[in-house]
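Below, each chain spelled out in residue letters.
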Amino acid sequence: MMKMKIFLISICLMAITPISDAITVMSIDLSSEWMKIAIVKPGVPMEIVLNKETKRKTEVAVSMKDGVRLFGSPAVTQGVRFPKSTYFYLTDLLAKKMDNPLVQRYKERFPYYDLVEDPSTGYVQFMHDEEKKIIYSPEELVAMIFNYSRSLAEDFAQQAVDSCMITVPSYFNQAERMMVLYAAKLAGLPGPQLMDDNTASALNYGVFRRNNINATASYVMFYDMGATSTTATIVSYQVVKVNGIADPQLAVKGVGFDRTLGSFDMEFRIREHLVKLFNKNKKTKSDVTKNLRSMAKLLKEAGRLKKVLSANVEHHARVESLIDDEDFHSKVTREEFENLCSDMWPRVAVPIRTALKSAGLTIDMISKVVLVGGGTRVPKVQEILLKETGKESLGKSLNTDEAPALGASYEAAARSNGFRVKTFHIKSGSIYPIDIEFDRTTTLEDGSETTKHVRKTLFQRNNPYPQRKVITFNRFYSDFGFDVNYGDLKFLSEEQSKLFGTKNISSVKLEGVRAAHELYGGNNATESKGVKAHFRMDENGILNLEEVESLYESNTTSAEVDNTTEEDASAFQKLKDSFSSLFGGDAEGSPTDKEETGDEDKKESKEQEKNEEKTTETNDPSSKGEFANEDGKTDTKESDDKNSKESNDKSESEEMKKKETEEAKSTFENTTEEKASNTTKNGTETSKKVKKVKISAPVEKTISRNDFKGHSSDVFDASKEKLNELSATDALKAAREEAMNGLESYIYDKRDKLYQEQYEKALTSTEQEEITKALTEASDWLFDLEGDVAPEVYKEKLKELRQLARPWLLRVKEREEFPSLLKDMETMFNYTTHFVSAIDALPEDDQIYTEVEIKLIKKTLNDTITWKNETLALQNALDPSKENIMKPDDLKSKMGELNREVQYLLNKARTAKPKKKTEETKTNSTKAGADKNANTTDSTIDSEDVKKSSNETKTDEKSETEEEQKQTSEKVLENEKDKPLKEQEEVTKEKENIDEPQLEIPPNEDASKSTPKSTETHETTTNEREMKKEEL
């Protein structure tokens, strides 16, 4: 298991490489019951954040009672005692109105909540305190949880978070997604982004299996049963090439879901069963169903039973003091549990069938079914899945709880600029189709007008996103409007359709179409190209209308002047010029990126007219004649913003080049037809050429959201201020508790040390009385304290106690350091003594140190030994309650001084230059001169031979001298090889891991007692050594 964990961590380290050391990204897997948080930072790839209870997942719950706000497990615990003040299972209430079945279902499950309607938006809210008129909306409560999640992530990462990825269910519609982003903005999360939880799980699954992905698509189904919903997702894994680079890609092919099928519903059924068992044998007359606290206890026990019965066939339910001090004990079997949920089991396989139908696949094409979510641990659920899929086994290798959070953290790192992540293309799918609806008014020959309602598909079901689409409205010359609605939702069941909410997304009104037509459309040389609306579904799955423009195309002429003297130019030259412009030359008349030839314009106009006529005649809602794209085709233009951006740019560039080629050929072939030549008096020929120029007139758009009633800026500011006040209260409470705990722990610790032998000996009778009295007074003050006190008051009390006990604790601390420091000093003496002995053992001719240096090291050693012996004798004779004569800082200073001298001599031995021996050279020179004088009449010495011989002699002498000097240095160093150099290094470094009490050093403390700083300059050390040499 450990080897596998190390292997997975190594894969993450290879896949995620940090660019900056100061960046951290986080992910939040927000589900109905639990929340998982993951981070990615340099050196920490895809790690789950632990909460304050050191758990890897946290309950999505917040409790507020008497000014105390709790999150996670403490909130759930308090919710048993005070159910009305604790809020959980909030995601089902986001962007929901009071008449939504999910809200009614919530009220039935939790009747103690007072739900009210927001008068401005119609959304549901919680009445927290009716007297004080305190109201919290679900998005405000979710924002509190988001803020708590960020604090956990930053505490775990020890630095601020730069961006955040939030997982949401894939079935969330536009309004629910926008509400989650609103809550993230309210919480102040940095750079919040959304990601479907099923896509995040699939990404986490594929990242660790990228080596198994090839060019052949493999299909994997992820079955996720959570607390309140169930989702089945079919994903394809395949290696694709983008710009010639092959990388793995996951694409969502089909999704099936049930928003009301989850394990929480099973817990409610077990709770009702426990109520019946209690009523059979109860002794009290009280009705347990009327007691909110008792029902909360039973619900908590039902959740525990569900988990235990997944692994055991029977278990005993136990609730202490359920009602009227009566305990509850009863046995529950797995068979009883399965019978209680018998009506739920047929619904388990429905999402699988829906997903297969949506993807257009069969179950045989699915290579594996992977389980995700806590509800899939129920044995009956696994039994049904095996029967439905026909597989021999189910995939259980994925961490069902943490997979979405880890996958989202990987994607967060990929979208961040601070990490280099191995590319893994993602194509999420929009579950719900989106249509455009508008009315077209047509004037007949008799002058009457007819209106036709047109409905066109903008995004189809399972359309991948992010993606852009451009819709063109033709034959609109006045201001008009259109609606953006959800498309055909017949694939939803009747119950799911009721839960969906409004089908109308937004209404758009356009202004400026008539003004643009009056400005450009009245000219015969200008032709309308329609009104183009640019839509984009971003990475969060939210549809945006980015821009609307009214396009026109005008014909312009440009004069070309040719010299008549070149009339004899050959046809070959003209052909050359034409092809020069064809391949990007600067020849006149070459079409630019924004220009189109007249033939293409006519062709485009004919295609548009043909399509419009076809739509009018057939009256087919699926026809696309009313929406021609920029190329004159009926399909809309779409591009994948993330995975196919570069490839689309490349394809568009190739299409533009092809278009320019065709235009150039058309220009070359029709040159004589388009030019009207006139000869001037000067013999020049003037010709006119017709060019097409596109004109874009901006159109103002007014968007009215119908599905999401966004809060005004005033409401947002009020909610922000409300959350900031709660955060400030929590911060003050935490600071107060920390200061109080610090004071209380200090009192208990010092009381205990007063009676410990080593501390008691260091106390005088006066000090003992004063410290004991101060500790007792502080303890009584804490006990008698009423109300909340500022943290500064606790800190001031603590400061007074520390100042009183500081001399006492300092004496004990210094005595605790003496044994180790004295041991280090003895080691230093032993080392230095052997070093000096090695120097003295060198022959006089091989000595590399001066007499002054040898005397200096001996004097320093003797002085240090003498100081140590004298000071230690005085210290041993000193009473433990008196101030120490020997100080740890003095010991460190003396050892540092001695070590400095030893290091100086060692460095000199390593870098010493060889001495030149001149005696032998002088002897040879004298002998050579005598021989020369004696033989002046016999022979003549060649000057070249003498020079050569002299050079050889000097080289030999120098070589011998260097060798002797090298041997001398090695002798010194050889004597030190067996010495404990490690001990010498331990002497010079500062002692670490010493249990030091918290002491306050006053500002006027004598600086001479501090440890010598490592910033001491070499110049100061050299001057001290020179002064000592002068003294010697």
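The rules behind these values
- Residues numbered from 1 in each chain as written.
- Predicted model: local features only at pLDDT ≥ 70, side-chain atom pairs only at ≥ 80, totals over all residues.
- Heavy atoms only, no water.
- Helix = DSSP H or I, 4+ residues; strand = E, 2+ residues; numbered from the N terminus.
- Buried < 20%, exposed > 50% of the residue type's maximum accessible area, 1.4 Å probe, protein only.
- Contact = heavy atoms within 4.5 Å.
- Areas by Shrake-Rupley, 256 points an atom, 1.4 Å probe, with all protein chains shown as cover.
- Pairing = 2+ DSSP bridges.
- Axes fitted to C-alpha atoms, helices over the stretch in contact; angles between N-to-C directions.
- Expected span 1.5 Å × (residues − 1).
- Core = buried A, V, L, I, M, F, W, Y, C linked by side-chain atoms within 4.5 Å.
- pLDDT = per-residue confidence, 0-100.
- Salt bridge = Lys/Arg side-chain N within 4 Å of Asp/Glu carboxyl O.
- Phe/Tyr/Trp six-rings, centres within 6.5 Å; stacked < 30°, edge-to-face > 60°.
- Lys NZ or Arg CZ within 6 Å of the ring centre and 35° of its normal.
- Parallel < 35°, antiparallel > 145°, perpendicular 65-115°, else oblique.
- Left-handed = near helix turned anticlockwise from the far one by under 90°.
- Nonpolar A, V, L, I, M, F, W, Y, C, P; charged D, E, K, R; others polar.
- Right-handed = clockwise from strand over helix to strand, strands pointing away.
- Arc of directions from axis to C-beta.
- Polar contact = N/O pair within 3.5 Å; in protein donor to acceptor, adjacent residues only side chain to side chain.
- Patch = residues over 30% accessible without salt bridge, like charges linked within 9 Å, V, L, I, M, F, W, Y side chains within 5 Å.
- Lys, Arg positive; Asp, Glu negative; His and termini not counted.
- Charge placed at Lys NZ, Arg CZ, Asp CG, Glu CD.

**Side note on the overall build of the chain**
Phase 1 of the analysis: Scanning the chain from N- to C-terminus turns up 28 helices and 33 strands.
Phase 2 of the analysis: Across the 1032 residues that make up the chain, the buried fraction comes to 45%.
Phase 3 of the analysis: Considering only intrachain contacts with a sequence separation of at least 6, the fraction spanning at least 24 residues in the chain is 74%.
Phase 4 of the analysis: For the chain, the exposed area adds up to about 55100 Å²; of that, 48% sits on carbon and sulfur atoms.

**Topic: the sheet that holds strand 24 (residues 463–465)**
Phase 1 of the analysis: Across the sheet, which stays open at both edges, the six strands sit in the order 19-14-15-16-21-24 with mixed pairing between neighbours. The open sheet has two edge strands, strand 19 (366–372) and strand 24, and neither has a second partner. Along the sheet, successive strands turn relative to each other by an average axial angle of 30°, direction set aside.
Phase 2 of the analysis: Looking at chain direction, strand 14 (residues 218–225) and strand 15 (residues 230–242) are connected through eight bridges and run antiparallel. Residue pairing for strand 15: Met221 is matched across the bridge by Ile234.
Phase 3 of the analysis: Across the sheet, helix 10 (residues 350–359) lies against strand 14, strand 15, strand 16 (245–258) and strand 19, angled at about 130° from strand 16, the strand it touches most.

**Topic: the sheet that holds strand 10 (residues 124–129)**
Phase 1 of the analysis: Read from one edge of the open sheet, three strands run 9-10-11, paired in antiparallel fashion. Of all the strands in the sheet, the pair left with one neighbour each is strand 9 (115–117) and strand 11 (134–136). When the angles between neighbouring strand axes are averaged without regard to direction, this sheet yields 45°.
Phase 2 of the analysis: Note that strand 10 and strand 11 share three bridges and pair antiparallel. Paired with Phe126 across the bridge in strand 11 is Tyr136.

**Here's the deal with helix 24 (residues 888–911)**
Phase 1 of the analysis: Along its 24 residues, helix 24 runs 34 Å from first to last C-alpha, staying within 8% of the 34 Å computed at 1.5 Å per residue.
Phase 2 of the analysis: Residues of helix 24 that are buried: Pro888, Leu891, Lys892, Met895, Leu898, Asn899, Glu901, Val902, Leu905, Leu906 and Ala909.

**With respect to the nonpolar core**
Phase 1 of the analysis: Counting residues in each nonpolar core, the largest one holds 101 residues, and the members touching the most others are Phe146, Phe473, Phe482 and Phe535.
Phase 2 of the analysis: With 10 residues, helix 4 (residues 138–157) is the largest single contributor of residues to this core.
Phase 3 of the analysis: Leave out the neighbours within four places in its chain, and Phe482 touches Ile436, Glu437, Phe438, Phe473, Ser507, Val508, Leu510, Phe535 and Leu545.
Phase 4 of the analysis: Membership of the second largest hydrophobic core comes to 44 residues, among which are Leu274, Phe278, Leu356 and Val369.

**Overview of the confidence of the model for the chain**
In regions of low pLDDT, the predicted coordinates are not meant to be interpreted in detail.
Phase 1 of the analysis: This prediction gives the chain a mean pLDDT of 78; 73% of its residues lie at or above 70.
Phase 2 of the analysis: Counting contacts from residues 657–684, a segment whose pLDDT is below 50, to residues more than four positions away or on other chains yields 41 contacts.
Phase 3 of the analysis: Here residues 919–962 is modelled with pLDDT under 50, and outside its nearest four sequence neighbours on either side it reaches 11 contacts, counting other chains as well.

**Brief notes about the pattern of salt bridges**
Phase 1 of the analysis: With the rule as written, the count across this model stands at 42 salt bridges.
Phase 2 of the analysis: With its nearest N and O atoms 3.2 Å apart, the salt bridge here joins Glu539 to Arg536.
Phase 3 of the analysis: A relative accessible area of 30% places Glu539 in the partly exposed class.
Phase 4 of the analysis: By relative accessible area, which is 13% here, Arg536 ends up buried.
Phase 5 of the analysis: One continuous salt-bridge network, built from bridges that share partners, spans Arg105, Arg109, Asp265, Arg269 and Asp343.

**Quick word on the packing of aromatic side chains**
Phase 1 of the analysis: Taken as a whole and assessed by the stated rule, the structure comprises 37 aromatic pairs.
Phase 2 of the analysis: Both rings, one in Tyr106 and one in Tyr113, keep their centres 5.9 Å apart while their planes meet at 15°; by these two values the pair is stacked.
Phase 3 of the analysis: You can call Tyr113 buried: its relative accessible area is 7%.
Phase 4 of the analysis: Ring geometry for Tyr432 and Phe500: centres 4.8 Å apart, planes at 75°, overall edge-to-face. Here Tyr432 is found in the loop between strand 21 (425–430) and strand 22 (434–443), whereas its partner Phe500 is found in helix 13 (residues 494–500), with 68 residues between them in sequence. Judged on exposure class, the residue Tyr432 and its partner Phe500 are both buried.
Phase 5 of the analysis: Connected via pairs of aromatic rings, a cluster forms that spans Tyr87, Phe88, Tyr89, Tyr106, Phe110, Tyr112, Tyr113, Phe126, Phe264 and Phe268.
Phase 6 of the analysis: Positioned over the ring face of Tyr205 is Arg209, at 4.0 Å from the centre of the ring.

**Focus on the packing of helix 23 (residues 851–876) against helix 24**
Phase 1 of the analysis: Taken N-terminus to C-terminus, the directions of helix 23 and helix 24 make an angle of 160°; their axes are 11 Å apart at the nearest point. Classed by the angle they form, the pair helix 23 and helix 24 counts as roughly antiparallel. Crossing geometry of helix 23 relative to helix 24 is assigned as left-handed. Of helix 24, the residues touching helix 23 (which contributes Glu853, Leu856, Ile857, Thr860, Leu861, Thr864 and Trp867) are Asp890, Leu891, Lys894, Leu898, Glu901, Val902, Tyr904, Leu905 and Lys908.
Phase 2 of the analysis: Taken together, the residues of the contact of helix 23 with helix 24 break down into nine nonpolar, two polar and five charged.

**Observations concerning the pairing of strand 23 (residues 449–459)**
Phase 1 of the analysis: Bridging between strand 22 and strand 23 involves 10 bridges; their strand directions are antiparallel. Bridge pairing links Ile436 to Lys456 in strand 23.
Phase 2 of the analysis: Between the end of strand 22 and the start of strand 23, which pair antiparallel, lie five residues, with Gly447 showing a positive phi angle near 95°.

**Digging into the pairing of strand 13 (residues 192–196)**
Phase 1 of the analysis: Here five bridges tie strand 12 (residues 163–168) to strand 13, and the two strands are oriented parallel to one another. Each residue of the ladder has a partner; that of Val168, found in strand 13, is Asp196.
Phase 2 of the analysis: For the handedness criterion, the β-α-β arrangement of strand 12, helix 5 (residues 174–187) and strand 13 is classed as right-handed.

**Some remarks on helix 10**
Phase 1 of the analysis: All of the buried residues in helix 10 are Pro351, Ile352, Ala355, Leu356 and Ser358. For helix 10, the buried positions fall inside an angular range of 165° around the axis, keeping them on one side.
Phase 2 of the analysis: At its buried positions, helix 10 is contacted by strand 14, strand 15, strand 16, strand 19 and helix 11 (379–389).
Phase 3 of the analysis: Two residues or fewer past helix 10, Gly360 is found with a positive phi of approximately 70°.

**Section: the side chain of Gln78**
Phase 1 of the analysis: The residue Gln78 is located in helix 2 (residues 73–81) in this model.
Phase 2 of the analysis: Given a relative accessible area of 17%, Gln78 falls into the buried group.
Phase 3 of the analysis: There is a polar contact of 3.2 Å between the side chain of Gln78 and the side chain of Ser63.
Phase 4 of the analysis: Here Gln78 is in contact with Ser63, Lys65, Leu70 and Thr86, once residues within four sequence places are set aside.

**Considerations on a negative patch on the surface**
Phase 1 of the analysis: Among the surface-exposed residues, Glu320, Asp324, Asp325 and Asp327 lie close enough to one another that they form a single negatively charged patch.
Phase 2 of the analysis: With respect to the helices, strands and loops of the structure, Asp325 is situated in the loop between strand 17 (314–323) and strand 18 (326–333).

**Notes on the packing of helix 2 against helix 8 (residues 292–309)**
Phase 1 of the analysis: Closest axis-to-axis distance for the helix 2/helix 8 pair is 7 Å, and the angle between their directions is 135°. With respect to each other, helix 2 and helix 8 are oriented oblique. Along its contact with helix 2, which presents Gly79, Val80 and Arg81, the element helix 8 presents Arg293, Ala296, Lys297 and Lys300.
Phase 2 of the analysis: The residue inventory of the contact of helix 2 with helix 8, partitioned by class, reads two nonpolar, one polar and four charged.

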